[in-house]
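Summary of the model geometry
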Amino acid sequence: MLSSRCLLRSAFTALSVAGSASSSSTSILPHVLTRARQYATEATLSQQSPSEVNAALARTSVLYKTYKPVTPGIRHLKRPLSPHLYQGRPLRELTVALRKRGGRNNHGHITVRHRGGGHKQRIRIIDFMRMEPGPCDVVRIEYDPGRSAHIALIKNRNSELSGDKIWSYILAPDTLRAGDVVQSFRQGIPPGLVPGFEDSKGVRGKILNKQEAEPSSQTQTASTASLALGVLRAIIIKPGNVVPLRLIPPGTIIHNIALNPQGRAILVRSAGTFGQVVEHEESGKYSHVRLQSGEVRQVLQDCVATVGKVSNPLWKNRNLGKAGRSRWLGRRPHVRGMAMNRCDHPHGGGRGKSKGNKQPRSIWGWLAKGKRTRKPGPKGPKNSNKMVIRERPRGKEKRGL
C-alpha cells in the first residue's frame with residue numbers, strides 16, 4: 001500500500017515538473033511550440049495540392065491530353081487541353097462553305113503542291129476591322145479549323161445595330177473567357193470617358209505644356225494630363241480591346257496589328273504569337289513595334305492593334321500521331337527531291353542517295369537553305385520595305401552568340 005502511494009506521488013511530481021518546464025519553454029520560444037510538428041507524409045490534402053499558378057508553370061503532361069497506346073496511331077498523339085472551348089456548332093450566319101480546289105487554279109494546273117482531300121469544313125468569318133464601338137460581351141470561345149488560334153463569339157450591347165453587326169467572331173486573346181467584356185476604340189476615345197483627357201492629332205495623348213496650351217477653362221495642365229492619361233490606360237489597356245497605337249504605352253503586348261489606319265489587321269495572328277510596342281517617335285507619326293520574328297518596324301500611330309497575346313500558345317507542341325491525321329487536314333504527302341527522277345527535280349536521278357554535289361534547290365531551281373531573297377530596310381534595294389528599323393535576327397545573332 002505504501003509503495004503504491006509513493007509511486008502515485010512520484011508520478012504527479014513528474015507531471016508537474018514537465019508542465020512547468022513546458023510553460024517556461026513556451027514563454028521563451030513561443031513560435032516553436034505553437035503547433036505540433038508535422039512530417040511530409042502527414043501534410044493535409046490542401047497543402048499537397050498545388051496552386052493554379054504552380055500547376056500552370058509545372059512542365060507536366062497535365063497541359064496536354066495523351067492516350068494509352070492501344071493502337072500505333074495514338075501512341076504519340078498529343079493534344080493541348082482546352083476545357084474552356086465550346087463543344088457545339090458555330091453560329092451558321094457567320095460561316096460560309098469552303099469549296100476546295102486541291103491546290104489548282106482555274107486552268108486546272110497545280111499551283112500549290114501537297115494539297116487535296118481533307119474533311120468538310122466551313123470558314124468562320126472573322127472581324128479583323130472591329131469598327132463598331134461600345135462594349136461587347138464574350139459569349140463563348142470556339143475552335144476554328146481554319147486557323148491555329150481560337151476564336152471568340154462576341155455580342156454588341158447596342159440594340160440599335162442590325163443583326164449581322166450584333167454578332168461577330170474575333171481572334172481570342174490568351175486568358176479571354178466567356179463573360180468578359182471587350183471594346184473597340186478604333187473610332188477614337190468617346191468624349192467624356194475620362195474627364196480632362198484630350199485626344200487629337202496635335203496632342204497624341206502627350207502632356208501639354210502651359211505655354212502651348214490655349215487660355216481656356218478646358219485647358220489641360222501637365223499634372224492633369226498625366227493623371228488623365230494614366231486613368232485612360234487603366235480603362236482601355238485590357239486583353240481583347242482594340243486601341244490605336246498612339247494610346248498604347250511602350251512595353252505592352254499586342255497582336256492583330258494593322259498597317260493602314262482604315263485597313264484590317266494583318267500582322268501577328270497565329271496561335272501564341274505577340275508583338276510589343278517599343279517606343280513612340282517624338283514626331284507623333286510612327287511607333288516602333290517588335291514583331292514575333294524579332295523584326296522592329298515603323299507603324300503609323302493611327303493604326304490599331306489588339307491588346308494581349310494570341311490564344312492557344314501550346315498549339316506548336318502538338319503531335320498528330322499518324323499520317324492519316326494530316327490527310328484529314330487536307331495535306332498530301334511531301335516527297336523528297338532525292339527520291340524523284342531527274343526530270344522531276346534538280347536533286348533527282350543518280351544511283352543511290354545522291355543529288356550530284358549540287359547546291360540545295362527547290363523543284364523550280366531556286367537556291368534554298370540560306371540564300372537571301374529579301375533585304376528590307378533603308379539599305380535595301382529600290383522597292384524594299386523602308387519601314388523596317390531592324391531586321392529579324394539570323395544565324396549567330398538568333399542563337400544568342
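Note that the structure is a prediction, hence the values are computed from the model and not measured.

Turning our attention to the overall build of the protein. Looking only at helices and strands, the protein has seven helices and 17 strands in total. The burial tally for the protein puts 30% of its 401 residues in the buried class. Counting only contacts in the protein whose residues sit at least 6 apart along the sequence, the fraction spanning at least 24 positions is 57%. Of the roughly 26,900 Å² of accessible surface on the protein, a fraction of 55% belongs to carbon and sulfur atoms.

Under the definition given, this model contains one cavity of 30 Å³ or more. Reported here for the largest cavity is a volume of approximately 100 Å³. Every residue lining the largest cavity is counted, 16 residues in all, and those nearest its centre are Phe128, Arg130, Val242, Asn256 and Thr306. Broken down by element, the residue count for the lining of the largest cavity peaks at three residues, all from strand E16 (residues 304–307).

Tallied over the entire structure, the rule returns one aromatic pair. The side chain of Lys78 reaches across the aromatic face of Tyr64, ending 4.7 Å from its centre. Stacked on the ring of Tyr86, the Lys or Arg Arg140 has its end atom at 4.1 Å from the ring centre.

Vacant regions in the atomic arrangement are exposed by a probe of water-molecule size rolled over the atoms. Taken as a whole, the largest pocket spans an internal volume of roughly 2,100 Å³. Broken down by secondary-structure element, the contributors of at least two residues to the lining of the largest pocket are strand E2 (79–80), strand E4 (122–124) and helix H6 (323–328). Residue composition of the lining of the largest pocket, by class: 16 nonpolar, 16 polar and 17 charged.

In this structure, His114 is a non-glycine residue whose phi angle is positive, near 65°. Mapped onto the fold, His114 is located in the loop between strand E3 (95–97) and E4. Even without being glycine, Asn357 reaches a positive phi, approximately 55°. Turning to its location among the elements, Asn357 is positioned in the loop between H6 and strand E17 (388–390).

Further remarks concern the confidence of the model for the protein. Residues at a pLDDT of 70 or more form 77% of the protein, whose mean pLDDT is 83. Across residues 21–48 the pLDDT falls below 50, and counting only partners more than four positions away or on other chains, this stretch makes six contacts in the model. Counting interchain partners and residues more than four positions distant, the pLDDT-below-50 stretch residues 205–213 has 16 contacts.

The strands making up a sheet are joined through hydrogen bonds of the backbone, oriented either antiparallel or parallel. The strand order E9-E16-E10-E13-E14-E15-E17 describes an open sheet built from seven strands, whose pairing is antiparallel. Pairing within the sheet leaves two strands with one partner each, and these edge strands are strand E9 (242–244) and E17. Strand after strand, the sheet turns through a mean of 45° between neighbouring axes, direction not considered. Sheet topology note: the strand E15 (residues 296–300)/E17 ladder contains two bridges and is antiparallel. By the bridge assignment, Arg297 is partnered in E17 with Val388.

On to a positive patch on the surface. Taken together, the side chains of Arg89, Arg92, Arg99 and Lys120 present a region of like positive charge at the surface. Checked against the element boundaries, Lys120 lands in the loop between E3 and E4.

In this section: the sheet that holds strand E6 (residues 151–156). Overall, antiparallel pairing links the four strands, which are arranged E7-E6-E5-E8 in an open sheet. Taken across any chain shown, the strands that pair with only one partner, and hence form the sheet edges, are strand E7 (167–171) and strand E8 (181–183). Strand-to-strand, the axes of this sheet are offset by a mean angle of 45°, without reference to chain direction. Bridge analysis of E6 against E7 gives five bridges, and the strand direction is antiparallel. Bridged to Leu153 within E7 is Tyr169.

As a further point, take the pairing of strand E5 (residues 135–142). The pairing of E5 with E8 spans three bridges and is antiparallel. Paired with Asp137 across the two strands is Val181, which belongs to E8.

What follows deals with the nonpolar core. Counting residues in each nonpolar core, the largest one holds 23 residues, and the members touching the most others are Phe197, Leu245, Ile254 and Ile257. Put simply, the parts of the chain that give this core at least two residues each are helix H5 (222–236) and E16. Beyond its immediate sequence surroundings of up to four residues, Ile257 is in contact with Ala265, Ile266, Leu267, Val268, Val289, Leu291, Val299, Val304 and Ala305.

On the surface, Val96, Leu98, Ile123 and Ile125 cluster together to form a nonpolar patch covering roughly 280 Å² of accessible area. Among the structural elements, Val96 can be located in strand E3. Val96 gets classed as partly exposed once you look at its relative accessible area, which sits at 36%.

Let's shift gears to the pairing of strand E13 (residues 275–280). Summarising the sheet, strand E10 (residues 253–255) and E13 pair through two bridges and their orientation is antiparallel. Bridged to Ile254 within E13 is Gly275. Of the strand pairs in this sheet, E13 and strand E14 (residues 286–290) are connected by four bridges, and their pairing is antiparallel. Within E14, the residue paired with Glu279 across the bridge is His288. Joining the antiparallel neighbours E13 and E14 is a turn of five residues, in which Gly284 adopts a positive phi near 80°.

Procedures and definitions
- Residues numbered from 1 in each chain as written.
- Predicted model: local features only at pLDDT ≥ 70, side-chain atom pairs only at ≥ 80, totals over all residues.
- Heavy atoms only, no water.
- Helix = DSSP H or I, 4+ residues; strand = E, 2+ residues; numbered from the N terminus.
- Buried < 20%, exposed > 50% of the residue type's maximum accessible area, 1.4 Å probe, protein only.
- Contact = heavy atoms within 4.5 Å.
- Areas by Shrake-Rupley, 256 points an atom, 1.4 Å probe, with all protein chains shown as cover.
- 1 Å grid on protein atoms, 1.4 Å probe; cavity = no way out; pocket = protein on both sides within 12 Å on 5 of 7 lines; lining within 4 Å.
- Points joined across faces, edges and corners; volume = space filled by probe spheres on them.
- Phe/Tyr/Trp six-rings, centres within 6.5 Å; stacked < 30°, edge-to-face > 60°.
- Lys NZ or Arg CZ within 6 Å of the ring centre and 35° of its normal.
- Nonpolar A, V, L, I, M, F, W, Y, C, P; charged D, E, K, R; others polar.
- pLDDT = per-residue confidence, 0-100.
- Pairing = 2+ DSSP bridges.
- Axes fitted to C-alpha atoms, helices over the stretch in contact; angles between N-to-C directions.
- Patch = residues over 30% accessible without salt bridge, like charges linked within 9 Å, V, L, I, M, F, W, Y side chains within 5 Å.
- Salt bridge = Lys/Arg side-chain N within 4 Å of Asp/Glu carboxyl O.
- Lys, Arg positive; Asp, Glu negative; His and termini not counted.
- Charge placed at Lys NZ, Arg CZ, Asp CG, Glu CD.
- Core = buried A, V, L, I, M, F, W, Y, C linked by side-chain atoms within 4.5 Å.

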